[in-house]
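A closer look at the structure
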There are 2 protein chains.
Amino acid sequence: MDIVKDTLSRIKPVSQELLQQAQTRLDNKTKPQGSLGRLEEFARRIVAISGNSNPDISKKVIFTFAGDHGVTEEGVSLFPKEVTPQMVLNFLSGGAGINVLARHVGADVRVVDVGVDYDFEDMVGLIHKKVARGTKNLAKGPAMTRDEMLTALKVGIELADQCRAEGVGLVGTGEMGIGNTTPSSAIIAAISGKSVAEVTHRGTGIGDEALANKIRVIEGGLALNKPDPADPLDVLAKVGGLEIAAIAGLVLGCAANSIPVVIDGFISTAGALIASELHPDVRDYIFAAHQSVEIGHRFMLERIGADPILDLEFRLGEGTGAALAMTLIEAGVKILKEMATFEQAGVSQG
Amino acid sequence: MDIVKDTLSRIKPVSQELLQQAQTRLDNKTKPQGSLGRLEEFARRIVAISGNSNPDISKKVIFTFAGDHGVTEEGVSLFPKEVTPQMVLNFLSGGAGINVLARHVGADVRVVDVGVDYDFEDMVGLIHKKVARGTKNLAKGPAMTRDEMLTALKVGIELADQCRAEGVGLVGTGEMGIGNTTPSSAIIAAISGKSVAEVTHRGTGIGDEALANKIRVIEGGLALNKPDPADPLDVLAKVGGLEIAAIAGLVLGCAANSIPVVIDGFISTAGALIASELHPDVRDYIFAAHQSVEIGHRFMLERIGADPILDLEFRLGEGTGAALAMTLIEAGVKILKEMATFEQAGVSQG
């Protein structure tokens, strides 16, 4: 418990003065003012978040948290739950989407087993932090105990603390867990008060009948568990997931350590939503990678106050959207650091 | 003339069979089908455009064409026309936005003087193809003679031919020319039949009064020159620009040489619009980098049938949007080439 309280107490709003200083510097670069749009936003926010007027975000790490979900026994996913460990092995051998995209942008992928129902051997690149062999079926009771949820949350916080020690400049979130759009939709419905049907979609690609079943399962789980929207950790424990809790912790930890964090898609945003409900200043540290195809995503982004960077019609997760957004954020920082000013280049101003 | 006719005769629609083959290969990768959205579109289109099932687009080149505009004497821009050659020198010394972003994505920038009102010395990286010292004032007569326009068009075509010989896998367009949103808006209005006010915006950042003047200038230029919308080259000559003509030629040349071409923002799209009006199959070869802040941009993209890849609120030009889009397209190709299949990774299918 103490680590959560301690982490929350370390989160401060970013400096408005640094934001303004960075924008003034951008305004002296050889371009019409504001003409690089969101790249300028990224640059000034990275300055303010890091507290460094010449931030170095070249060291980029994506954490892909894996966990299983008891609710898969309700038939909410197109894929069998065995795919969760199979994909973890795929991540470790470098053949998954996240591996390809992270290599492309020069980011490391760190795979964290926070709750897979499988015993992995020691393997290079796998971080063993298993809290439980998956969650319980939220249709029949709480997905996690409060202790399990807190343990998973701490996994994320501690990884963020370690990033600070290593000098990681930009963190991305990702996840793998067959069935995990179901707890994500449950979290949004619980926190926003929207109907389950409004925030629930097809996940990996289920049909109409399976979607109707998924909605019924979530409605039943919410009615049974009665998560308290005023207590985000209660929502997280009762209808969340172990990887979602770890992402919430990672986001909190990044905010506490002044590290910008890029949240991937639908499931990652559910974790970030819990973090931002716990402390409003967390929002200053979040970049939303992309607009997911999942219909509930935009409600979460609105509540967090984050404008998605990309819209490439992704619905994969893993951190794939985060990887691509991270290279755009890095481009913004390079604009700040590498572009010539009007004076340096001898260019007349308008 | 012959080179234009010859180029048009070489442009063919891309192979539907190759598009389908590439999608089938993507569908066997370890992810839900279609879950990488537009990245999959990029991959299959690059296969079909290049005619190569394992395309190599690592060699990426952005052409930044520079030209001046006689219409600047009507007060249509916030910046003085001296900024055109000043920015060319900035490009050559590596300090401009396009230099920073092209370095970030591993693309070369080639700067082409196709019509700057300034005598450059021989400088590394500058391609001398000056057709005239800027266009004439379109408010007082045709911007170019038909011969000038054709000569600039050929500059672009020949550069594309050279890319083919060099093995360039992906081409981007860019431009620099103070005043060049004015001819771009004139081109859209002439071709689409929309009112000038609907397709004219603030360029580098002019105020309300200057915008009203810019609209009047374009309306006057169209009324005086009477460009024929059924003859895109007539429109290009009478109300276009030398750099816009070179971009139109580059796009035609890329299509003729089976090279995918990423068009940057508002001005580049005006060039691409001329090319796609000359030959409808040109559209198969075009990627629209981003949605510009300029209000007329979306009409052009709709007419070309291109869906912008990014929306970062850019309004700079130079090729800056193209650079960032190129790295996303390259990411799509890597998904096709580097991701493991379900069989390779031992992952169960849904």
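**Some remarks on the state of the cysteines**
- Scanning all chains against the criterion turns up 0 disulfides over all chains.
- Between A:C163, a cysteine without a disulfide, and A:C254, which holds the nearest cysteine sulfur, the sulfur-to-sulfur distance is 6.2 Å.

**What to know about the environment of B:L39**
- Inspection of the secondary structure assignment puts B:L39 in helix α3 (residues 37-50).
- A relative accessible area of 0% means that B:L39 is categorised as buried.
- Sequence separation of B:L39 and B:V333 is 294 residues, and the distance between their C-alpha atoms is 7.8 Å.
- Sequence-distant contacts of B:L39, defined by excluding residues within four places in its chain, comprise A:L101, A:L312, A:F314, A:L324, B:L328, B:A331, B:G332 and B:I335.

**Some words on the packing of helix α5 (residues 97-105) of chain B against helix α13 (residues 320-338) of chain B**
All names here are of chain B.
- Two elements in contact, α5 and α13, have axes whose closest approach is 8 Å; the angle formed by their N-to-C orientations is 10°. Looking at the two axes, α5 sits roughly parallel to α13. Counting all contacts with α5, which are made through G97, I98, L101, A102 and V105, the residues of α13 involved are T320, A323, L324, T327 and E330.
- In terms of residue class, the contact of α5 with α13 is built from 6 nonpolar, 3 polar and 1 charged.

**Digging into unusual backbone geometry**
Residues and elements named next belong to chain A.
- Of note, E313 is a non-glycine position whose phi angle comes to about 60°, a positive value.
- For E313, the position within the fold is in the loop between α12 (297-304) and α13 (320-338).
- E313 sits in the partly exposed class, given a relative accessible area of 41%.

**Digging into the confidence of the model for chain A**
- This prediction gives chain A a mean pLDDT of 97; 100% of its residues lie at or above 70.
- Here the complex is predicted with pTM 0.98, and the ipTM for its interfaces comes to 0.97.

**Quick look at the interface of chain A and chain B**
- Each partner contributes residues to the interface: chain A has 53 residues there, and chain B has 53 residues.
- When chain A packs against chain B, close to 4200 Å² is buried across both sides, 66% of that on carbon and sulfur atoms.
- It is A:P32, A:H104 and A:L312 in chain A that bury the most area against chain B; as a group they hold 13% of the surface buried on that side.
- Two residues, A:R103 and B:E338, come together in a salt bridge whose shortest N-O distance is 3.0 Å.
- Linking chain A to chain B there are 18 residue pairs in polar contact (both at pLDDT 80 or more).
- The biggest single contributor to the side of chain A that touches chain B is α13(A), with 9 residues.
- Taken together, the residues that form the side of chain A that touches chain B break down as 26 nonpolar, 17 polar and 10 charged.

**Comments concerning the sheet that holds strand β4 (residues 170-176) of chain B**
All names here are of chain B.
- Spatially, the 6 strands line up as an open sheet ordered β3-β2-β1-β4-β5-β6, and their pairing is parallel. Looking along the sheet, the strands with just one partner apiece sit at the ends: β3 (126-128) and β6 (286-288). For this sheet, the mean inter-axis angle between neighbouring strands, taken without regard to orientation, is 30°.
- Across 8 bridges, strand β1 (residues 60-67) lies against strand β2 (residues 107-115) in parallel orientation.

The rules behind each value
- Residues numbered from 1 in each chain as written.
- Chains lettered and ligands numbered in written order.
- Predicted model: local features only at pLDDT ≥ 70, side-chain atom pairs only at ≥ 80, totals over all residues.
- Heavy atoms only, no water.
- Disulfide = S-S within 2.5 Å.
- Helix = DSSP H or I, 4+ residues; strand = E, 2+ residues; numbered from the N terminus.
- Buried < 20%, exposed > 50% of the residue type's maximum accessible area, 1.4 Å probe, protein only.
- Contact = heavy atoms within 4.5 Å.
- Axes fitted to C-alpha atoms, helices over the stretch in contact; angles between N-to-C directions.
- Parallel < 35°, antiparallel > 145°, perpendicular 65-115°, else oblique.
- Nonpolar A, V, L, I, M, F, W, Y, C, P; charged D, E, K, R; others polar.
- pLDDT = per-residue confidence, 0-100.
- Buried area = accessible area lost by both parts, 1.4 Å probe.
- Salt bridge = Lys/Arg side-chain N within 4 Å of Asp/Glu carboxyl O.
- Polar contact = N/O pair within 3.5 Å; in protein donor to acceptor, adjacent residues only side chain to side chain.
- Pairing = 2+ DSSP bridges.

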